[in-house]
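Chain residues, written in single-letter form:
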Amino acid sequence: MDILSNLAFGFGVAFSLQNLGYCFAGVLLGTLIGVLPGIGPLVAIGMLFPLTFTLPPVAALIMLAGIYYGAQYGGSTTSILVNLPGETASAVTCLDGYQMARRGRAGPALAVAALASFFAGCVGTLLIALAGPPLAEMALMFGAAEYFSLMLMALVAAAVLTSGDMVKGFCMVVVGLLLGLVGTDVNSGMPRYTFGVMELYDGIGFTVIVVGLFAISEVVSNLASREPREVFTRKISNLLPTRQDIRDSCWPTVRGTAVGSVFGVLPGTGPALSSFVTYMLEKKIAKDPSRFGKGAIEGVAAPEAANNAAAQTNFIPMLTLGIPSSAIMALMMGAMIVHGISPGPQVMTSNPELFWGIIASMWIGNLLLVVLNLPLVGVWASLLRVPYRWLFPSIIMFCCVGNYAVNNNAVDVYLCALVGAIGYILVRLECEPAPLILGFVLGPLMEEYLRRAMLLSRGDPSVFFTRPMSLAFVLGSVLILAVMIAPALREKRGG
Amino acid sequence: MNFDLRNNKDFLAGLLFIAIGVIAVVVAARDYPMGNAMRMGPAYFPTVLGGILILLGVWVAARGIRAGEKLKGEWGWKPLLLVALAIVLFGFLMSRFGLVPALVAVFLVSAAGGREFRLKEVLVLTALMSAFAVVVLLYVLKMPYPLIAGVLWIS
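Residues numbered from 1 in each chain as written. Chains lettered and ligands numbered in written order. Predicted model: local features only at pLDDT ≥ 70, side-chain atom pairs only at ≥ 80, totals over all residues. Heavy atoms only, no water.

**Section: the overall build of chain B**
Stated precisely, the cut-off is as follows: Numbering goes from the N terminus for both helices and strands, where a helix is a DSSP run of H or I of at least four residues and a strand is a run of E of at least two. Exposure categories follow from relative accessible area, calculated using a 1.4 Å probe and restricted to protein chains: below 20% of the type maximum is buried, above 50% is exposed, and the middle band is partly exposed. The Shrake-Rupley method, run with a 1.4 Å probe sphere, supplies the accessible areas, and residue values consider only the shown protein chains as cover. Here Asp and Glu are counted as negative and Lys and Arg as positive; His is not counted, and neither are the chain ends. Note on charges: their place is set at NZ of Lys, CZ of Arg, CG of Asp or CD of Glu.
When you go through chain B residue by residue, the secondary structure sums to 5 helices and 0 strands. What you see in chain B, going N to C, is helices and strands ordered as α-α-α-α-α. In terms of its C-alpha atoms, chain B occupies a principal-axis envelope of roughly 55 × 45 × 25 Å. The buried share among the 155 residues of chain B stands at 43%. Carbon and sulfur atoms make up 72% of the accessible area of chain B, which amounts to about 8,300 Å² in all. Between the mean site of the 14 positive side-chain charges and the mean site of the 7 negative ones, chain B shows a separation of 6 Å.

Below, the structure written as structure tokens:
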């Protein structure tokens, strides 16, 4: 079997002492930061990204992937113990997880969350290994027009499926695209939108954008709001779920994994939507739906399985097509570019150790999460008791140091302050920042593919509709739009 | 109809987007060659994007005027200013005076943006976290930063 030998090759890469160490460090640091309320995987990756700068590319990506699941799992811990999700993907876990914690069952809730995530992670990893090669083969046939249309679809989906307002989502995507264009234009060599600042010739660093938009604006929002935080401080006594718990969460885990795997591949959806959808599904098919929201274990197992499965399958479009399907994948892609690897179908053949090594390390990372987190739950819980007035200056410090370390210059730090201020204003105006990140990473690529496609077609835009794959992606974008707009229109007419 | 536009969230968001779009289009038109659809110049794509952003911004602003939805909560100008100041100070001090002054400034200034400022706690926090940052940056990652520029170097 081809896949088996490939996976064996990947495990050979991932099991080297060095890579195993980085995977462990990534998972540990990711969880540590993800546990802090209000900090999700995006910020965790953005803040810790400079740490991976000096590593070889494979180790760096393995560590970043570790940070990603670590932070995701840390977010679930926070949802269960504090009722404050670190990020949208674990918001649903709050509903039942926190109720379980209030009834003294925080231990089983955390254990079931970890086990369900692990199961989903295993399935997700296997799916990537299975789906990767054929998808990459297909992508090798893509021309510039196909890539442009595919990116368009990813952006439309990202804008439409944000938790906030759709039109503002589109605005944020366009702002992101424009920010992505800052720097030297590859075709003409002309610096654009640099306003004479030399440091901008290479473009705005994505650490600047991510840390500013998410971490700093989040800190300011927290300081400005008056809501006190309710922290669950009782000691977590027994971790072991009962046999009944296991039986109750078996099928929800499987269903959650299935839903999450599908949603993870679709552009723009990712972990957040999938956990929400599975929760609704479980509630609908449950014998006694009234238990949900009052500490039903299914309400923890299913969304946790879904968001972890989606977190895994999220990698599929990024690794095989070079198109990120979520803001986090955009970030991972940015990291790959920084390390000199251009993501796309050729990665599998040109850097097989990277592709298969990452896949194998995903499985190891998921295993580490279970092994690491269950014994350390007490430590994470005590971290939550640290008062915010100690926490936030430390977060700001990490942001500053991280931004300075990328290029060793102060301009990045100044820019980060500016982006943070703008980010806070955007949050106040209820503009969701996630679509901006996707636009930011895709901006230069989209322009390049648009140019190439139009050059080949001699300036005829119909090329996007006459090539079948391209047409399919354009129709896909229209369909996504139609599906989202239709209910709103009907409501208007009805009302 | 609501004529108080200063707190109208969609109106303000729309204005912001229009402003960004206008900057994009104006700078592109002034400084970069446009080219044509077949051979796009550096101005082509940003001009299209800026145009789209202006249109969307007008839509958002118009909707804001019609719906008149207010901002929720209050602006946190004080934390915003102090946090931004702390970050700018870090960049400035770091590049001229070294790691230690920069770290001290970040903690003192950003902590002042919090709801309560307890000097003793802030000092202890500054000392502990700075020590941690120094160990990680200089010993683990081996970054070439001076502790205090011109006075104290490690390595």
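**A look at the overall build of chain A**
Stated precisely, the cut-off is as follows: In this treatment the radius of gyration is a C-alpha quantity, and the globule benchmark scales as 2.2 Å times the residue count to the 0.38 power. Here, residues are in contact when the closest pair of their heavy atoms is within 4.5 Å.
Summing up its helical and strand segments, chain A has 21 helices and 2 strands in all. Here the C-alpha radius of gyration of chain A, 22 Å, is about what a compact globule of 495 residues would show, namely 23 Å. With the C-alpha coordinates of chain A rotated into their principal frame, the extents come out at 70 × 60 × 50 Å. Looking at chain A residue by residue over its 495 residues, the buried ones come to 61%. Taking the contacts inside chain A whose residues are at least 6 apart along the sequence as the reference set, 79% of them involve residues at least 24 apart. Per element, the accessible surface of chain A, about 18,300 Å² overall, is 67% carbon and sulfur. Of note, chain A has its 27 positive side-chain charges centred 11 Å away from the centre of its 26 negative side-chain charges.

**Brief notes about a nonpolar patch on the surface**
Residue and element names in this part refer to chain B. Our working definition: Patch building starts from residues that exceed 30% relative accessible area and form no salt bridge, then joins like charges within 9 Å and nonpolar side chains (Val, Leu, Ile, Met, Phe, Trp, Tyr) within 5 Å. Any Lys or Arg side-chain nitrogen found within 4 Å of a carboxyl oxygen on Asp or Glu counts as a salt bridge.
A cluster of nonpolar residues, Val100, Val104, Leu108, Phe117, Leu119, Leu123 and Ile148, forms a patch on the protein surface that exposes about 520 Å² of accessible area. Every element with two or more residues in the nonpolar patch is listed here: helix H4 (99-112) and helix H5 (119-140). No other element matches the 3 residues that H4 contributes to the nonpolar patch. Checked against the element boundaries, Leu108 lands in helix H4. On the basis of relative accessible area, Leu108 is assigned to the partly exposed category, the value being 30%.

**Regarding the nonpolar core**
When a protein is soluble and globular, its nonpolar side chains tend to lie buried together. Applicable threshold: As used here, the term nonpolar core means buried Ala, Val, Leu, Ile, Met, Phe, Trp, Tyr and Cys residues forming a set that is joined through side-chain atoms within 4.5 Å.
Phe315 and Met332 of chain A together with Phe90 of chain B are the most contacted members of the largest nonpolar core, which has 178 residues in total. Filtering out sequence-adjacent residues up to four positions away, Met332 of chain A remains in contact with Ile45, Leu61, Leu64, Ala65, Phe315 and Met318 of chain A. Listed in part, the 22 residues of the second largest apolar core include Met100, Ala101, Ala113 and Ile297 of chain A.

**What to know about the interface of chain A and chain B**
The test is simple: We define buried area as the total accessible area lost by two parts upon association, computed with a 1.4 Å probe and summed across both. Here a polar contact is taken to be a pair of N or O atoms separated by no more than 3.5 Å, where protein atoms must pair a possible hydrogen donor with a possible acceptor and residues adjacent in sequence count only if both atoms sit in side chains. Each residue gets one label: Ala, Val, Leu, Ile, Met, Phe, Trp, Tyr, Cys and Pro are nonpolar, Asp, Glu, Lys and Arg are charged, and the others, such as Gly, are polar.
Counting residues at the interface gives 61 residues for chain A, matched by 66 residues for chain B. Regarding the contact of chain A and chain B, the summed buried area is about 5,800 Å², with carbon and sulfur atoms giving 75% of it. Between chain A and chain B we count 5 salt bridges in total. For Glu430 of chain A, the salt bridge identified is with Lys9 of chain B, shortest N-O distance 2.9 Å. Applying the counting criterion to the chain A and chain B interface returns 13 residue pairs in polar contact (both at pLDDT 80 or more). Of all the secondary-structure elements, those providing two or more residues to the side of chain A that touches chain B are helix H8 (166-181), strand S2 (191-192), helix H9 (206-224), helix H17 (388-407), helix H18 (410-428) and helix H19 (434-456) of chain A. Looking at the side of chain A that touches chain B, its residues break down into 42 nonpolar, 7 polar and 12 charged.

**Here's the deal with the packing of H8 of chain A against helix H1 (residues 9-31) of chain B**
Definition in use: Inter-axis angles, ranging from 0 to 180 degrees, are taken between N-to-C directions of lines fitted to C-alpha atoms, where helices are fitted over the stretch in contact. Every angle not falling under 35 degrees, over 145, or within 65 to 115 is termed oblique; those three ranges are roughly parallel, roughly antiparallel and roughly perpendicular. Note on convention: near helix rotated counterclockwise from far helix by under a right angle means a left-handed crossing. Clockwise means right-handed.
Taken N-terminus to C-terminus, the directions of H8 of chain A and H1 of chain B make an angle of 30 degrees; their axes are 11 Å apart at the nearest point. In this view, H8 of chain A runs roughly parallel relative to H1 of chain B, as classed from their interaxial angle. Note on packing geometry: the crossing formed by H8 of chain A with H1 of chain B is left-handed. Facing H8 of chain A, whose interface residues are Lys168, Cys171, Met172, Val175 and Leu178 of chain A, H1 of chain B presents Lys9, Asp10, Ala13, Phe17, Ile20 and Ala24 of chain B.

**Section: the packing of aromatic side chains**
Residue and element names in this part refer to chain A. Filter applied, for reference: Ring pairs shown here join Phe, Tyr and Trp side chains whose ring centres sit within 6.5 Å, with only the six-membered ring taken for Trp; geometry is labelled stacked below 30 degrees between planes, edge-to-face above 60, and tilted in between.
Enumeration according to the criterion identifies 17 aromatic pairs over all chains in this entry. For the pair Tyr68 and Tyr69, a centre-to-centre distance of 6.2 Å together with 35 degrees between the ring planes defines the contact as tilted. Grouping residues by exposure puts Tyr68 and Tyr69 together as buried. Between Tyr68 and Phe315 the ring centres are 6.0 Å apart and the planes differ by 50 degrees, which places this aromatic pair in the tilted class. Of the two residues, Tyr68 sits in helix H4 (residues 57-82) while Phe315 sits in helix H13 (residues 315-321), which places them 247 residues apart along the sequence. Across the pair, Phe315 and Tyr68 agree in class, each one buried.

**Points about helix H3 (residues 77-97) of chain B**
Our working definition: In this scheme, a helix's expected span is set at 1.5 Å multiplied by one less than its residue total.
Helix length check: H3 of chain B (21 residues) gives 29 Å between terminal C-alpha atoms against 30 Å at 1.5 Å per residue, within 8%. Contact partners of the buried residues in H3 of chain B: H9, H17 and H18 of chain A together with H4 of chain B.

**A few points about the packing of helix H14 (residues 327-338) of chain A against H19 of chain A**
Residue and element names in this part refer to chain A. Put simply, H14 and H19 touch, their axes get as near as 8 Å, and they point 40 degrees apart. Here H19 runs oblique to H14, going by the angle between their axes. Our pair here, H14 against H19, has a crossing hand that is left-handed. Between H14 and H19, the contacting residues are Ala327, Ala330 and Met333 on the first element and Ala434, Ile437, Leu438, Val441, Leu442 and Leu445 on the second. Here the contact of H14 with H19 is composed, by residue class, of 9 nonpolar, no polar and no charged.

**Some thoughts on the side chain of Ser217 of chain A**
Residues and elements named next belong to chain A. Tracing the backbone through its elements, the reader meets Ser217 in helix H9. A polar contact of 2.5 Å, which involves the side chain of Ser217, links it to the backbone oxygen of Leu213. Those residues in contact with Ser217 that sit more than four places away from it in its chain are Gly212, Gly420, Gly423, Tyr424 and Val427.

**Some words on the environment of Leu108 of chain B**
Each C-alpha atom of the pair Leu108 of chain B and Ala86 of chain B lies 8.1 Å from the other, and the pair is 22 residues apart in sequence. Leu108 of chain B has contacts with Phe117, Val122 and Leu123 of chain B, leaving out every residue within four places of it along the chain.

**What about the pattern of salt bridges?**
Residues and elements named next belong to chain B. Considering all chains together, one arrives at 16 salt bridges over all chains under this definition. Across the pair Lys9 and Glu69 runs a salt bridge whose closest N-O atoms are separated by 3.0 Å. Of this pair, Lys9 sits in helix H1 while Glu69 is found in the loop between helix H2 (44-67) and H3, placing the two residues 60 residues apart along the sequence. The shortest N-O distance in the salt bridge between Arg63 and Asp10 comes to 3.2 Å. With Arg63 in helix H2 and Asp10 in helix H1, this pair connects stretches of sequence that are 53 residues apart. For Arg63, a relative accessible area of 18% puts it in the buried group. For Asp10, a relative accessible area of 7% puts it in the buried group.

Geometric values such as these leave the question of function open.
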